[in-house]
Amino acid sequence: MKRSTKITSTIVAFFLIITIVIVGRTMIGNHFKKKFSKRPPPGIIVTEVVAKDFSQQVSTYGTANPFRTKSYKIEKYEIISPIEFNKILKKGDLITKLKTRNLIAAFDGIVTKRDFSNDIKVSESSLLIQLEDTSIIYVDVDIPEIYSSFIKENLNVDVKFSGNNDKIYSGIIDSTSGRIDIEKRSLATRIKLNNDNFDILPGSLLEITIKYNEKNSLGIPDTSLMMEGDKTYVYKVSEKNITNKNEVVIGIRESGFIEIVAGLSQGDNIVAEGLKKVRPRLEIKPIKKGAKKVKSNWGKKAEPKKNETKKSKYRSEERRVGKESRSRWKTDHKKKKKTKANSKRSN
């Protein structure tokens, strides 16, 4: 009986030890798992939904024409006073004196020289000049028929001049034709723009951008969109920095931004870049788009403080004095040895 109790107690103790080991290992593993397995939230670039100006555009090219022009043919032998070309004149100013009459400016403008005639004899005896009013420039363009229903008077127009690509000139649609050209399948349109500084020269090739369907709507970067079949989604970020998949309805796309018709409100935060790193119900560390990056000091030697520099100077001075004193002691010790040796030899 005693033998059986011993065996039983041994078996119970064995299984008890195994149970304690298993439970202990499990508890230790769970402790370290909670402590070390939790990763910090990833840094994701976010942006705010804001109101922006959107418009649809039609681009074309046209030639600059002055507001009005008057030509003069002058015989060279009649000219008394020299003509000053490219000079700005006011209405009533003298252009030049001739033997038979005086040429007077009929309006404000600039005096320019036209090309000579192909007939050399005629060009040698006569001169063609023009008075051009370039304070206003007209551009006649042909707009494709498919856009004719959108082209109306007083629509805003952006104009670029190849002589000054950095500047955008503003104009409007002055008038349109009443019918479609059956040969070109286009609508003749005249554009008007102010040229008070006389930057644009008549005859210049201009790049024309007509804006229509202009409106102010909510806009987001086009990099924040996800397309799934016929539906469009964005990741909306909550106040607790949790991402949620949100369906939106989009409109016009312009200059890297896209119009939001429905699905978001002004001031909402959304994921702007790095969509592959994001999933629904994920906690993130938001980084505002366009924020300046903090420069890291890693790898740079830290500049010593003032007190530390003083201490280091004192330490270096102590070391220098110590070295000098040790060198002096060595030289004195050598001299004493030499004197003792010389005294022994003399004795």
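Residues numbered from 1 in each chain as written. Predicted model: local features only at pLDDT ≥ 70, side-chain atom pairs only at ≥ 80, totals over all residues. Heavy atoms only, no water.

A separate point is the environment of Glu 254. Turning to its location among the elements, Glu 254 is positioned in strand 14 (residues 243–254). Since its relative accessible area comes to 18%, Glu 254 is described here as buried. Between the C-alpha atom of Glu 254 and that of Gly 219, which follows or precedes it by 35 residues, the distance is 9.6 Å. In contact with Glu 254, not counting residues within four places along its chain, are Asp 53, Phe 54, Ser 55 and Gln 57. Within the structure, the side chain of Glu 254 is placed 2.9 Å from the backbone nitrogen of Ser 55, a separation counted as a polar contact. (Helix = DSSP H or I, 4+ residues; strand = E, 2+ residues; numbered from the N terminus. Buried < 20%, exposed > 50% of the residue type's maximum accessible area, 1.4 Å probe, protein only. Contact = heavy atoms within 4.5 Å. Polar contact = N/O pair within 3.5 Å; in protein donor to acceptor, adjacent residues only side chain to side chain.)

A few words now on the pairing of strand 10 (residues 186–194). Looking at chain direction, strand 7 (residues 126–144) and strand 10 are connected through nine bridges and run antiparallel. Within the sheet, the bridge partner assigned to Asp 142 lies in strand 10 and is Ala 188. Inspection of the sheet shows strand 9 (residues 164–176) paired to strand 10 by five bridges, in the antiparallel sense. Considered in strand 10, the bridge of Thr 176 is made with Thr 189. (Pairing = 2+ DSSP bridges.)

Let's shift gears to the pairing of strand 4 (residues 94–97). As paired elements, strand 4 and strand 5 (residues 102–104) share three bridges and run antiparallel to each other. Looking at strand 5, one finds that Leu 94 is bridged to Ile 104. The turn joining strand 4 and strand 5, which pair antiparallel and follow one another in sequence, is formed by four residues.

The phi dihedral of Asn 86 falls on the positive side, at around 60°, and the residue is not glycine. Position of Asn 86 among the secondary structure elements: in the loop between strand 2 (50–75) and strand 3 (88–89). Backbone geometry places Asn 154, a non-glycine residue, at a positive phi of 70°. Examined against the element boundaries, Asn 154 turns out to sit in the loop between strand 7 and strand 8 (156–161).

Per-residue confidence for the chain gives a mean pLDDT of 82; residues scoring 70 or more make up 78%. Element-level pLDDT for the chain is lowest in helix 2 (residues 120–125), with a mean of 57, against a maximum mean of 94 in strand 10. (pLDDT = per-residue confidence, 0-100.)

In this section: the packing of aromatic side chains. Taken as a whole and assessed by the stated rule, the structure comprises three aromatic pairs. Here Phe 67 and Tyr 138 contribute two aromatic rings whose centre-to-centre distance is 5.9 Å and whose plane-to-plane angle is 40°, an arrangement assigned as tilted. With a gap of 71 residues between them, Phe 67 in strand 2 and Tyr 138 in strand 7 connect regions that are remote in the sequence. Arranged with centres 6.4 Å apart and planes meeting at 55°, the rings of Tyr 147 and Tyr 212 form a pair that is tilted. Linking Tyr 147 in the loop between strand 7 and strand 8 with Tyr 212 in strand 11 (residues 205–221), this pair joins segments that are 65 residues apart in sequence. On the basis of relative accessibility, which here comes to 6%, the residue Tyr 212 falls in the buried class. In this structure an aromatic cluster arises from ring pairing among Tyr 147, Phe 150 and Tyr 212. In this structure, Arg 190 packs its charged tip against the face of Tyr 138, placed 5.0 Å from the ring centre. Above the face of the Tyr 233 ring, Lys 245 is positioned so that its terminal group lies 4.9 Å from the ring centre. (Phe/Tyr/Trp six-rings, centres within 6.5 Å; stacked < 30°, edge-to-face > 60°. Lys NZ or Arg CZ within 6 Å of the ring centre and 35° of its normal.)

On to the nonpolar core. If you look at the biggest cluster of nonpolar residues, it comprises 21 residues, and the most contacted ones within it are Val 139, Leu 206, Ile 208 and Ile 210. When contributions to this core are tallied by element, the ones reaching two or more residues are strand 2, strand 7, strand 8, strand 9, strand 10 and strand 11. Excluding residues within four positions of it along the chain, Ile 210 makes contact with Gln 56, Gln 57, Val 58, Ile 143, Ile 151, Leu 155, Asn 156, Val 157, Ile 173 and Ile 191. Of all hydrophobic cores here, the second largest spans 13 residues; its members include Ile 74, Leu 89, Leu 103 and Ala 105. (Core = buried A, V, L, I, M, F, W, Y, C linked by side-chain atoms within 4.5 Å.)

Applying the stated criterion to the full structure yields twelve salt bridges. One salt bridge connects Arg 185 with Glu 145, and the closest N-O pair in it is separated by 3.2 Å. In this pair, Arg 185 is assigned in the loop between strand 9 and strand 10 and Glu 145 in the loop between strand 7 and strand 8, connecting sequence segments 40 residues apart. Note that Lys 167 and Asp 199 form a salt bridge whose closest N and O atoms lie 3.4 Å from each other. Of the two residues, Lys 167 sits in strand 9 while Asp 199 sits in the loop between strand 10 and strand 11, which places them 32 residues apart along the sequence. (Salt bridge = Lys/Arg side-chain N within 4 Å of Asp/Glu carboxyl O.)

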